[in-house]
There are 2 protein chains.
Amino acid sequence: MLSVIGIGPGSEAMMTQEAIAALQEADIVVGYKTYTHLVKKWTADKEVIKTGMCKEIERCQIAIDLAEQGKNVAMVCSGDAGIYGMAGLILELVSKQRRNVQVRVVSGITASIASAALLGAPLMHDFCHISLSDLLTPWTVIEKRIIAAAQADFVICFYNPRSRGREGHLAKAFELMTPWKAETTPVGVVKAAGRKKQEKWVTTFSQMDFSQVDMTSLVIVGNQSTYLSDGLMITPRGYVI
Amino acid sequence: MLSVIGIGPGSEAMMTQEAIAALQEADIVVGYKTYTHLVKKWTADKEVIKTGMCKEIERCQIAIDLAEQGKNVAMVCSGDAGIYGMAGLILELVSKQRRNVQVRVVSGITASIASAALLGAPLMHDFCHISLSDLLTPWTVIEKRIIAAAQADFVICFYNPRSRGREGHLAKAFELMTPWKAETTPVGVVKAAGRKKQEKWVTTFSQMDFSQVDMTSLVIVGNQSTYLSDGLMITPRGYVI
């Protein structure tokens, strides 16, 4: 059995019952070292295999091999395992290599949901997720999605907004959205949601300071109805009150 | 204190630690009767105020009034409180009425995440949420979003896909997407995720049977790369394997 577990953004409070149970039942825990560290409370008595960043294929292959040998393996992912996590790659490898492994995906709280709760209620209407990392996706595809989402007035959650080698992507995304997003459109940023170094702030589209955003950040850009009140970001659902 | 709690799709397994703790700490639990029933294990010793469907404003007003009187109130929502849930309406009312109430939003697993885990890994790339209910949103806005999302090749999660009075909305949505979604595009449906009557199936864009979908269903339409393998719906993240 191979459980691909979304551990949520980082705090134990945001883990599901199912994720904790799956970790407790596992013989071996595999994951990127930051994530295995976040769940060390549950893995003290277990074998833990940590791999570095960008070693996703290697990491998944190790987990699949161990599971095929009969071990109960837990692959830990931050947020939800099925949203920019390892569930897809695991299933792709198992399928393509015709491996005899039972895979279970255990849901977790993804960064947009955790960040929205900290910012107020910005995701109360139709929204989308766009990753600004072009490591695995052509930038032209990303641009097309940014423009479509802005045109159709979605609330937009930017994953991987800014990191070394991609310093300009978030500013470029804002430039692309400019024809459709008013200067006063609220923007919320949450850094390291649910972790010790958590920070959050709200600003507006025209006042956005890109330099404060890093790879642990999630950026939410409101729709035409989103407003700020007492420091909270609220997107109305449409009730007449 | 007013905690607006996302209880996840229905099973205890998918509740977070924080949601359970917030329920346990509450004096009074308020919610739509289906949702208060789902958490009755945690509320046996508490006052529970149940309201019917479409009584959202009334329900939120009751919770705010009680919290302002000093009670520790838990408002329960299915899925995540901030995604088509009550967090937004609560914050709107508190803000507009200048009420003296501390509001905390407690994150939950929303239907798209729970359904994706059951279907495989369909949300591994950029996706969006669109509600097909036009009770609070003009249908023209919904149409615009469906077309934009299909054009830009997002994976699309349809909330409130079909219910009494809106029998034709999902078929209409598929009609609008036809120019951009190939006949073979995988589609996944999950009914009553995490509840006793849970059902799921995968099909393709051209084979979709709308009559099987109801208001407890979540429909996920893949992007150009999504494929079916052994009954699972997989959207590649882009790794070369």
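Looking at an unreviewed UniProt entry, one finds chain A named Cobalt-precorrin-3b C17-methyltransferase, with Obesumbacterium proteus ATCC 12841 as its source organism. In UniProt, chain A has this text filed under Pathway (unreviewed entry): "Cofactor biosynthesis; adenosylcobalamin biosynthesis."

Our focus in this paragraph is the interface of chain B and chain A. If you look at the interface, chain B gives 66 residues, while chain A gives 66 residues. A combined buried area of about 6000 Å² lies between chain B and chain A, and 62% of that area is made up of carbon and sulfur atoms. Applying the counting criterion to the chain B and chain A interface returns four salt bridges. For Arg145(B), the salt bridge goes to Asp126(A), with nearest N and O atoms at 3.0 Å. At the junction of chain B with chain A, the criterion picks out 28 residue pairs in polar contact (both at pLDDT 80 or more). Looking at the side of chain B that touches chain A, the element that brings in the most residues is helix H4 (residues 87-96) of chain B, giving eight residues. Pairing of strand S7 (residues 127-131) of chain A with strand S7 (residues 127-131) of chain B, which is carried by three bridges, proceeds in the antiparallel orientation. When the sheet's bridge partners are listed, Cys128(A) is paired in S7(B) with Cys128(B).

To continue, consider the packing of helix H6 (residues 139-151) of chain A against helix H7 (residues 169-177) of chain A. Residues and elements named next belong to chain A. Where H6 contacts H7, the two axes come as close as 9 Å, and the packing angle between them is 45 degrees. Here H6 lies oblique to H7, going by the angle between them. For the pair H6 and H7, the sense of crossing is right-handed. Touching Trp-139, Glu-143, Ile-146, Ile-147 and Ala-150 of H6 are His-169, Lys-172, Ala-173, Leu-176 and Met-177, all from H7. Counted by class, the contact of H6 with H7 contains seven nonpolar, one polar and two charged residues.

Here the focus is the environment of Ser225(A). Residues and elements named next belong to chain A. The topology assignment puts Ser-225 in the loop between strand S11 (217-221) and strand S12 (227-229). Taking the C-alpha atoms as reference points, Ser-225 and Cys-128, separated by 97 residues in sequence, lie 16 Å from one another. The residues touching Ser-225, leaving out its near neighbours within four places in the chain, are Ile-234 and Pro-236.

Turning our eyes to something else, we now look at helix H3 (residues 56-68) of chain B. Residues and elements named next belong to chain B. For H3, which comprises 13 residues, the first-to-last C-alpha distance of 18 Å matches the rise-based estimate of 18 Å (1.5 Å per residue) to within 8%. Check the buried side of H3 and you find it contacts strand S1 (2-6), strand S2 (28-32), strand S3 (47-51), strand S4 (73-77) and H4. Just downstream of H3 lies Gly-70, where phi reads positive at about 100 degrees.

Here we come to the sheet that holds S4(B). All names here are of chain B. Across the sheet, five strands lie side by side as S3-S2-S4-S1-S5; this open sheet has parallel pairing. The strands lining the two open edges of the sheet, one partner per strand, are S3 and strand S5 (103-106). Strand after strand, the sheet turns through a mean of 20 degrees between neighbouring axes, direction not considered. Relative to S4, S2 runs parallel, the two sharing four bridges. By the bridge assignment for S4, Gly-31 is matched with Val-76.

Residues and elements named next belong to chain B. What the second largest pocket holds in volume is close to 1200 Å³. In terms of lining, the second largest pocket is formed by 39 residues, of which the most central are Tyr-35, Ser-78, Tyr-84, Asn-160 and Met-215. Listing elements by their share of the lining of the second largest pocket, those giving two or more residues are helix H2 (33-38), H3, S4, helix H5 (111-119) and strand S11 (217-221). Along the lines of polarity and charge, the residues of the lining of the second largest pocket split into 20 nonpolar, twelve polar and seven charged. Lining the lining of the second largest pocket are residues from two domains, each supplying at least three of them: domain 1 (2-106) and domain 2 (111-234).

Calculation rules
- Residues numbered from 1 in each chain as written.
- Chains lettered and ligands numbered in written order.
- Predicted model: local features only at pLDDT ≥ 70, side-chain atom pairs only at ≥ 80, totals over all residues.
- Heavy atoms only, no water.
- UniProt positions renumbered as here; feature names shortened; annotations may be inferred.
- Contact = heavy atoms within 4.5 Å.
- Buried area = accessible area lost by both parts, 1.4 Å probe.
- Salt bridge = Lys/Arg side-chain N within 4 Å of Asp/Glu carboxyl O.
- Polar contact = N/O pair within 3.5 Å; in protein donor to acceptor, adjacent residues only side chain to side chain.
- Helix = DSSP H or I, 4+ residues; strand = E, 2+ residues; numbered from the N terminus.
- Pairing = 2+ DSSP bridges.
- Axes fitted to C-alpha atoms, helices over the stretch in contact; angles between N-to-C directions.
- Parallel < 35°, antiparallel > 145°, perpendicular 65-115°, else oblique.
- Left-handed = near helix turned anticlockwise from the far one by under 90°.
- Nonpolar A, V, L, I, M, F, W, Y, C, P; charged D, E, K, R; others polar.
- Expected span 1.5 Å × (residues − 1).
- 1 Å grid on protein atoms, 1.4 Å probe; cavity = no way out; pocket = protein on both sides within 12 Å on 5 of 7 lines; lining within 4 Å.
- Points joined across faces, edges and corners; volume = space filled by probe spheres on them.
- Domains from an automatic or database assignment.

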